[in-house]
Protein chains: 2
Amino acid sequence: MEANKRPLILVSNDDGLMAKGINELIKFLRPLGELVVMAPEAPRSGSGCALTVNTPVHYQLVRKEVGLTVYRCSGTPTDCIKLARHTVLDGRVPDLVVSGINHGDNSATNVHYSGTMGVVIEGCLNGIPSIGFSLCDHASDADFSAAELYVRAIVGMVLEKGLPPLTCLNVNFPATTDIKGVRVCQQAKGHWEKEWAPCPRLDDTNYYWLTGEFIDHESDNENDDHWALNNGCVAITPVTVDMTAYAFIDTLDAYCREAGL
Amino acid sequence: MEANKRPLILVSNDDGLMAKGINELIKFLRPLGELVVMAPEAPRSGSGCALTVNTPVHYQLVRKEVGLTVYRCSGTPTDCIKLARHTVLDGRVPDLVVSGINHGDNSATNVHYSGTMGVVIEGCLNGIPSIGFSLCDHASDADFSAAELYVRAIVGMVLEKGLPPLTCLNVNFPATTDIKGVRVCQQAKGHWEKEWAPCPRLDDTNYYWLTGEFIDHESDNENDDHWALNNGCVAITPVTVDMTAYAFIDTLDAYCREAGL
């Protein structure tokens, strides 16, 4: 990045352009660079890294002022990053991709389901330092004020230091304004239970709403992001987009040979 | 698994219940166990680990015979696994989750976008050994015959040996019936380019279809899945659902302290 040029920051989310979280994020980031926002025109929670393949994707300019351009997009969070790169950025490579601030917890195994992290993984796969921010509060009027200081500091740190190849950040804030500190974490291990609430339609009982309860497999593991959040800390989990299970390669190779493969 | 009991295999895909690939998979797997199939009622390619959160999800019995029960589901591939576990399986835990056979390549970074692998990741997060099969041919009448032998051998191997915690398999077949062998691989590194084809609607030029071209960053890396497929081999890539970038934790911790976080 040239010293006399403001960083170009590409912003998106999965709650959509109307959500409080992305508007707070824009406010927090404006002093730090030139912002191009392309975000879903409606909520896309739980999109993961989903793509839109069976319909065209559309974008539209919503707002343009010095240092801030905002577009709405008909697609998924991942589509937003792909489409912005190939259209409105016109060959300019962002210095940073920032996603959020999500209304809800994206720690632990939620990284797989999160559209917030879908944005971040897409930035990372394209070699752009990328950060996702989430607050553990689903309320539409959630209080993001305590995050401001940390968002600026973490974004400033990543603009200065960069991130290693194939690596991005998943940052989660506890649902409190009384933050106890910052912890660099592992992804907590666990699974979801009681995931479906019946919602019968007339006499058909096979309709369900997704809901659920996270069961932490290591609730006393002080190194994981779930523990950090439960103890009032900001959880910064470095995430790799290389999902290879390297530790299993040799054993799997032996299994295959034994099976005559 | 009790020795005298047939394995229970939960099957899904992302191309939907009408696709040739899942029907071929069912045919290949029937001798190996009792099959419960819950698959999307329509194509859901590129779903990643997406969930349906803003509408209810519905399932319906399609077919029931000895050793095979088939359900259609209105949701995503990931929804299918979650919903089957909590409804039709009625507390029975599958011995295996199998997904596919996908019409199209899910090697390399496609693991993130793939609904086929969304099924597998969901199985794995729930502690069930899980395997995704994909063929590098998008055609609706693709020839899956060469995969039969390998699907049976790989499924048999996993039923016998199991898989380590948090680990699942992404198996891709080259688009040939002349298979040169099997390779245990890493996820190839690369990114997508030329991803959008314009499809203007009347005078609005901001409509695009997703397409693209995969740029391999290490095309001569004989250890990766892209290389294996390009050289006519079946690529078996072990995948971890723990996306923590462990190698970066200490450095990130130092960065944070330096930044006063």
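Conventions we followed
Residues numbered from 1 in each chain as written. Chains lettered and ligands numbered in written order. Predicted model: local features only at pLDDT ≥ 70, side-chain atom pairs only at ≥ 80, totals over all residues. Helix = DSSP H or I, 4+ residues; strand = E, 2+ residues; numbered from the N terminus. Rg over C-alpha atoms; globule rule 2.2 N^0.38 Å. Buried ≥ 20, exposed ≤ 12 C-beta atoms within 10 Å, placed from the backbone. Axes fitted to C-alpha atoms, helices over the stretch in contact; angles between N-to-C directions. Parallel < 35°, antiparallel > 145°, perpendicular 65-115°, else oblique. Left-handed = near helix turned anticlockwise from the far one by under 90°. Contact = placed C-beta atoms within 7 Å. Nonpolar A, V, L, I, M, F, W, Y, C, P; charged D, E, K, R; others polar. Arc of directions from axis to C-beta. Pairing = 2+ DSSP bridges. Least-squares fit on C-alpha atoms with pLDDT ≥ 70 in both. Core = buried A, V, L, I, M, F, W, Y, C linked by C-beta atoms within 7 Å.

Chemist: Where do I start with the overall build of chain A in this structure?
Modeler: For chain A, the count of helices and strands is six helices and 13 strands. Relative to its length of 261 residues, chain A is compact, with a C-alpha radius of gyration of 19 Å against a globular reference of 18 Å. In terms of principal-axis extent, the alpha carbons of chain A reach across some 60 × 55 × 45 Å. The burial tally for chain A puts 52% of its 261 residues in the buried class.

Chemist: Explain the packing of helix H2 (residues 77-86) of chain B against helix H3 (residues 115-125) of chain B to me, please; I cannot follow it from the model alone.
Modeler: Between two packed helices, both the angle of their axes relative to each other and the distance between the axes serve to describe the pair. Residue and element names in this part refer to chain B. The interhelical angle for the contact between H2 and H3, taken along N-to-C directions, is 30 degrees, at an axis separation of 7 Å. Taken together, H2 and H3 sit at an angle that is classed as roughly parallel. The hand of the H2/H3 crossing is right-handed. Side by side, H2 and H3 meet where Pro77, Thr78, Cys80, Ile81 and Lys82 of the first sit next to Gly115, Gly118, Val119, Glu122 and Gly123 of the second. Taken together, the residues of the contact of H2 with H3 break down into four nonpolar, four polar and two charged.

Chemist: Even after reading the chapter, I still don't get helix H1 (residues 20-29) of chain B, so can you show me in this structure?
Modeler: Turn by turn, an α-helix covers 3.6 residues, leaving residues three or four places apart pointing in a common direction. Residues and elements named next belong to chain B. Within H1, the full set of buried residues consists of Gly21, Ile22, Glu24, Leu25, Phe28 and Leu29. Relative to the axis of H1, the buried residues are bounded by an arc of 160 degrees and lie together on one face. Residues of H1 that are buried make contact with strand E1 (8-12), strand E2 (34-40), strand E5 (96-103), strand E6 (130-135) and helix H4 (147-161).

Chemist: When you look at the interface of chain B and chain A in this model, what are you seeing that I'm missing?
Modeler: Listed per partner, the contact involves 63 residues of chain B and 63 residues of chain A. Where the side of chain B that touches chain A is concerned, the elements lending two or more residues are strand E3 (57-65), H2, H3, H4, strand E8 (181-184), strand E11 (207-210), strand E13 (233-240) and helix H6 (249-258) of chain B. Classifying every residue of the side of chain B that touches chain A gives 37 nonpolar, 21 polar and five charged. Where strand E3 (residues 57-65) of chain A meets E11 of chain B, two bridges bridge the pair, whose relative direction is antiparallel. If you follow His58 of chain A over to E11 of chain B, its bridge partner there is Tyr207 of chain B.

Chemist: Just to check I follow, could you spell out the sheet that holds strand E7 (residues 167-173) of chain A for this structure?
Modeler: Strands in a sheet are paired, the pairing made by backbone hydrogen bonds, and the direction either parallel or antiparallel. Pairing is mixed in the open sheet, where 11 strands are placed in the order E8(A)-E13(A)-E7(A)-E6(A)-E5(A)-E1(A)-E2(A)-E4(A)-E3(A)-E11(B)-E10(B). The sheet terminates laterally at strand E8 (181-184) of chain A together with strand E10 (196-198) of chain B, the two strands that pair on one side only. Direction aside, neighbouring strands of the sheet carry axes that sit 25 degrees apart on average. Against the sheet, helix H2 (residues 77-86) of chain A engages strand E1 (8-12), strand E2 (34-40), E3, strand E4 (68-73) and strand E5 (96-103) of chain A together with E10 and E11 of chain B, with an angle of about 135 degrees to E2 of chain A.

Chemist: Looking at this structure, I do not really get the relation of the copies chain B and chain A. What am I missing?
Modeler: Superposition record for chain B on chain A: RMSD 0.0 Å, screw rotation 180 degrees, translation along axis 0.0 Å. Each copy turns onto its partner about a two-fold axis. A share of 100% of the interface residues of chain B reappears at the interface of chain A, consistent with the copies meeting face to face through the same patch.

Chemist: Can you help me understand the environment of Ser99 of chain B in this one?
Modeler: Residues and elements named next belong to chain B. You can see Ser99 is positioned in strand E5. Linking Ser99 and Ala39, residues 60 residues apart in sequence, is a C-alpha distance of 9.4 Å. Setting aside residues up to four positions removed in sequence, Ser99 forms contacts with Ser12, Asn13, Thr116, Val119, Val120, Gly132 and Phe133.

Chemist: So what exactly am I meant to see when it comes to the sheet that holds E6 of chain B here?
Modeler: Spatially, the 11 strands line up as an open sheet ordered E10(A)-E11(A)-E3(B)-E4(B)-E2(B)-E1(B)-E5(B)-E6(B)-E7(B)-E13(B)-E8(B), and their pairing is mixed. Looking along the sheet, the strands with just one partner apiece sit at the ends: strand E10 (196-198) of chain A together with E8 of chain B. Averaged over neighbouring strand pairs, the angle between their axes works out to 25 degrees when direction is ignored. Pairing geometry for E8 of chain B and E13 of chain B, over four bridges, is parallel. Residue Val184 of chain B lies in a different strand from E13 of chain B, and its bridge partner there is Ile236 of chain B. In the packing of helix H6 (residues 249-258) of chain A onto the sheet, contacts are made with E8 and E13 of chain B, and the angle to E8 of chain B comes to roughly 160 degrees.

Chemist: What is the right way to look at the pairing of strand E13 (residues 233-240) of chain A in this model?
Modeler: Working note: regular strand, side chains alternate between the two faces of the sheet. All names here are of chain A. Most of E13 sits inside the fold, with eight of its eight residues counted as buried. Judged from the six bridges that link them, E7 and E13 form a sheet pairing that is antiparallel. If you follow Val171 over to E13, its bridge partner there is Ile236.

Chemist: Looking at this structure, how should I read the nonpolar core?
Modeler: One recurring pattern in soluble globular proteins is that nonpolar side chains are buried together. Core analysis: the largest hydrophobic core is formed by 146 residues, its most contacted members being Met38 and Ile131 of chain A together with Met38 and Ile131 of chain B. Setting aside residues no more than four positions away along its own chain, Met38 of chain B makes contact with Ser12, Tyr59, Tyr71, Cys73, Cys80, Leu83, Ala84 and Val88 of chain B.

Chemist: Would you take a moment to explain the environment of Leu252 of chain A for this structure?
Modeler: You can see Leu252 of chain A is positioned in helix H6. The buried category is assigned to Leu252 of chain A, around which 22 C-beta atoms lie within 10 Å. For the pair Leu252 of chain A and Asp14 of chain A, spaced 238 residues apart in the sequence, the C-alpha separation amounts to 37 Å. Those residues in contact with Leu252 of chain A, other than ones at most four positions away along the chain, are Val184, Ile236 and Pro238 of chain B.

Chemist: What exactly am I supposed to notice about unusual backbone geometry here?
Modeler: What you tend to see is this: most non-glycine residues have negative phi, and most peptide bonds are trans. Geometrically, the link from Gly100 of chain A to Ile101 of chain A is a cis peptide bond, its omega value of -15 degrees lying close to zero. With respect to the secondary-structure elements, Ile101 of chain A resides in strand E5. Non-glycine residue Leu166 of chain A carries a positive phi angle of around 65 degrees. For Leu166 of chain A, the position within the fold is in the loop between helix H4 (147-161) and E7. Note on Leu166 of chain A: 17 C-beta atoms within 10 Å, which makes it partly exposed. Unusually for a residue other than glycine, Lys194 of chain B sits at a positive phi of about 45 degrees. Tracing the chain through its elements places Lys194 of chain B in the loop between strand E9 (190-193) and E10.

Nothing here speaks to function; it is geometry throughout.
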